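Residue-level structural notes
Each chain is listed here by its residues.
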Amino acid sequence: MLFRDRIAATKPLVFALCLLPFAHLVWDAMHGTLGPDPVAQLEHRSGDWALRLLLATLAITPLRKLTGWHKLIRFRRMLGLFAFFYVSVHLLIYLFVDLGGYWADIFEQIAKKPYITVGFAAWLLLIPLALTSTQAMMRRLGRNWQRLHRVAYLIALLGVLHYFWLVKADHREPALYLCIWIVLMLARLRVRSRPADELRRVAARLKI
Amino acid sequence: MRRDQPTHLPQSCITPEPVYRRRREVLQLLGLGAAALAAGCGSEAASPQAAAPETRVPDKSLDVASHVDDANGEAQTTYADATHYNNFYEFGTNKSDPAANSARFVAHPWSVEIAGLAEKTGRFTLEDILKGQALEERIYRMRCVEAWSMVIPWVGIPLANLLKRFKPLASAKYVAFTTVERPAQMPGLAYPVLDWPYREGLRMDEAMHPLTLLAVGMYGRDLPNQNGAPLRLVVPWKYGFKGIKSIVKIEFVERQPRTTWNLMAADEYGFYANVNPAVDHPRWSQKTERRIAGTGFNLFGNRIETLPFNGYAEQVAHLYAGMDLRKNF
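Treat the numbers as computed from the prediction; the structure is a model and nothing was measured.

Rules used in this analysis
- Residues numbered from 1 in each chain as written.
- Chains lettered and ligands numbered in written order.
- Predicted model: local features only at pLDDT ≥ 70, side-chain atom pairs only at ≥ 80, totals over all residues.
- Heavy atoms only, no water.
- Helix = DSSP H or I, 4+ residues; strand = E, 2+ residues; numbered from the N terminus.
- Buried < 20%, exposed > 50% of the residue type's maximum accessible area, 1.4 Å probe, protein only.
- Contact = heavy atoms within 4.5 Å.
- Areas by Shrake-Rupley, 256 points an atom, 1.4 Å probe, with all protein chains shown as cover.
- Phe/Tyr/Trp six-rings, centres within 6.5 Å; stacked < 30°, edge-to-face > 60°.
- Lys NZ or Arg CZ within 6 Å of the ring centre and 35° of its normal.
- Salt bridge = Lys/Arg side-chain N within 4 Å of Asp/Glu carboxyl O.
- Pairing = 2+ DSSP bridges.
- Axes fitted to C-alpha atoms, helices over the stretch in contact; angles between N-to-C directions.

1. A few points about the overall build of chain B
In terms of helices and strands, chain B carries ten helices and 13 strands. Residue burial in chain B is summarised as follows: out of 329 residues, 57% are buried. Contacts in chain B between residues far apart in sequence, at least 24 positions, make up 73% of those at least 6 positions apart. Summed over all atoms, the accessible surface of chain B reaches about 13800 Å², with 53% contributed by carbon and sulfur.

2. Regarding the packing of aromatic side chains
In total, this model carries 20 aromatic pairs over all chains according to the counting rule given. When the ring of Trp261(B) is compared with that of Tyr269(B), the centres are 4.9 Å apart and the planes differ by 55 degrees; the resulting orientation is tilted. The residues Trp261(B) and Tyr269(B) share a single accessibility class, namely buried. The rings of Phe15(A), Phe22(A), Phe82(A), Phe85(A) and Tyr86(A) are connected pair by pair, giving a single aromatic cluster. Positioned above the aromatic ring of Tyr191(B), the side-chain terminus of Arg172(A) is 3.6 Å from the ring centre. In this structure, Lys245(B) packs its charged tip against the face of Phe88(B), placed 5.2 Å from the ring centre.

3. Some words on the environment of Arg76(A)
Residue and element names in this part refer to chain A. With respect to the element layout, Arg76 can be found in helix H3 (residues 76–98). Assessed through its relative accessible area of 24%, Arg76 is described here as partly exposed. Counting along the chain gives 16 residues from Arg76 to Ile60, while the straight-line C-alpha distance between them is 6.5 Å. When neighbours within four sequence positions are excluded, Arg76 is seen to be in contact with Thr57, Ile60, Thr61 and Trp145.

4. Observations regarding the pattern of salt bridges
Scanning the model with the defined rule gives 25 salt bridges over all chains in all. Of the charged contacts, one joins Lys112(A) and Glu108(A) as a salt bridge, the two residues approaching to 3.4 Å between their closest N and O atoms. On the criterion of helical spacing, the pair formed by Lys112(A) and Glu108(A) is a turn pair, its members being four residues apart in helix H4 (residues 105–112). Here Glu108(A) falls in the partly exposed class, since its relative accessible area comes to 27%. Between Lys168(A) and Glu146(B) there is a salt bridge, with the nearest N and O atoms lying 2.9 Å from each other. Of the two residues, Lys168(A) sits in the loop between helix H8 (151–166) and helix H9 (172–191) while Glu146(B) sits in the loop between strand E4 (135–143) and strand E5 (148–158), which places them in two different chains. Look at the salt bridges and you will find they share partners, linking Glu74(B), Arg141(B), Arg143(B), Glu289(B) and Arg291(B) into a network.

5. Looking at the sheet that holds strand E11 (residues 247–253) of chain B
Residues and elements named next belong to chain B. Strand order in the open sheet formed by five strands is E3-E2-E11-E6-E7, with mixed pairing between adjacent strands. Since the sheet does not close on itself, it has two edges, and those belong to strand E3 (122–125) and strand E7 (199–203), each with one partner. Taking each pair of neighbouring strands and ignoring which way they run, the sheet shows an average axis angle of 20 degrees. Where strand E6 (residues 174–179) and E7 come together, five bridges link them in antiparallel fashion.

As structure tokens, this is what we get:
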């Protein structure tokens, strides 16, 4: 057998799937099919996927508890790193393709424009998470690793706010992302409940 | 791919194919390495089969009496881009929605209600409105409040020519405009993203200014539905949202009229909405803009500086003498 198990066999597939939106973007860029405002398209599409992958990463733990398929955890790092990848691509496009020669503007934008401030903060906060995503770092940080990586919830919220604040009037799509974030947060709170609470709940149910 | 070019268009209006293709080059360069890495499809994917949106066959060529370039010879936006990147929320809030969702819209026959403080009021057909008026082509910059811009050859008549015919009274200080509201033909109206119908307004001197155009066409042909057929306002020194589309009512009023975006967020969209790089939108900078024009996409070339009054300061700045433009943004 080429792979240790099914998960290991699925990983390249998930990897390829995560790369697909980027490949599509590059394809469209090369074929000139990004539409009248290619820069906006590059920004919006990379941003959409960054947000989707951030939320997908956060969905892993609740999904594990819900389905009992605990091996899902083995996809989480890959999804998280791809989220970082798309956020970085998004930022690079903004800096080098959109802002172009107007470099000086970036500092003013980060300082003054709330949606840029939160977007940039989200990217900064992702860096330590990406750097500590290795097995060795997990071992070295012990319990602190988990504490540090809870920042992912804040990062996703910042991403949603970034989207919310840049939209002019039609907030339906950012609102959908916010709803997903809230649901994940609620699921998280449930999931975090201690085994003892869990036992008590089961006991309560049995009495009825 | 078909490229029908009306013969009366001056050659300068048509982006030469090589120039048009060059806009994609930088992206191609950017993409090449990444694609080879990402998908391993580098070499065969590189052939630049540019798939620009098909340009529509002109409904009819407009009989244009005069041509004036008020955009300083700057490269024009292609017809395809100007008709496939629109903010017309009545057809949806994505830029591609108006082109995709406006086919069912019926722009002919059309009539406009003239109301308010004028000697002559009533309902007038589009033919009435245009009777005896020579159509002019005006090439204007169009600066969107979202910090992108285009250069578009409009066809229309000066709004002043039309307004004078109705003999506004001395008490008429403002002109209020209303967009048509047809839920059956405008799917975007189903969602109250704005307070429908769309309304805009101008001070009387702004409305009477020779640059203010009532457009019935662009690129030498009738306005497409997604661009505000059959009749729209073009005020080149103001942000694009002042250019109200598919107008069904023009009213002379004494007080400053309520306008849609101002009602939506008064701190973000003022009544005047003059293009002003010194006054930022609260959420984004207005100092520079991304120009969507034929010569198009090169890495540093398509972001340009925004000019006061969108470059029309010489003609219009006097209208606002003594006004604090930070307060009256």
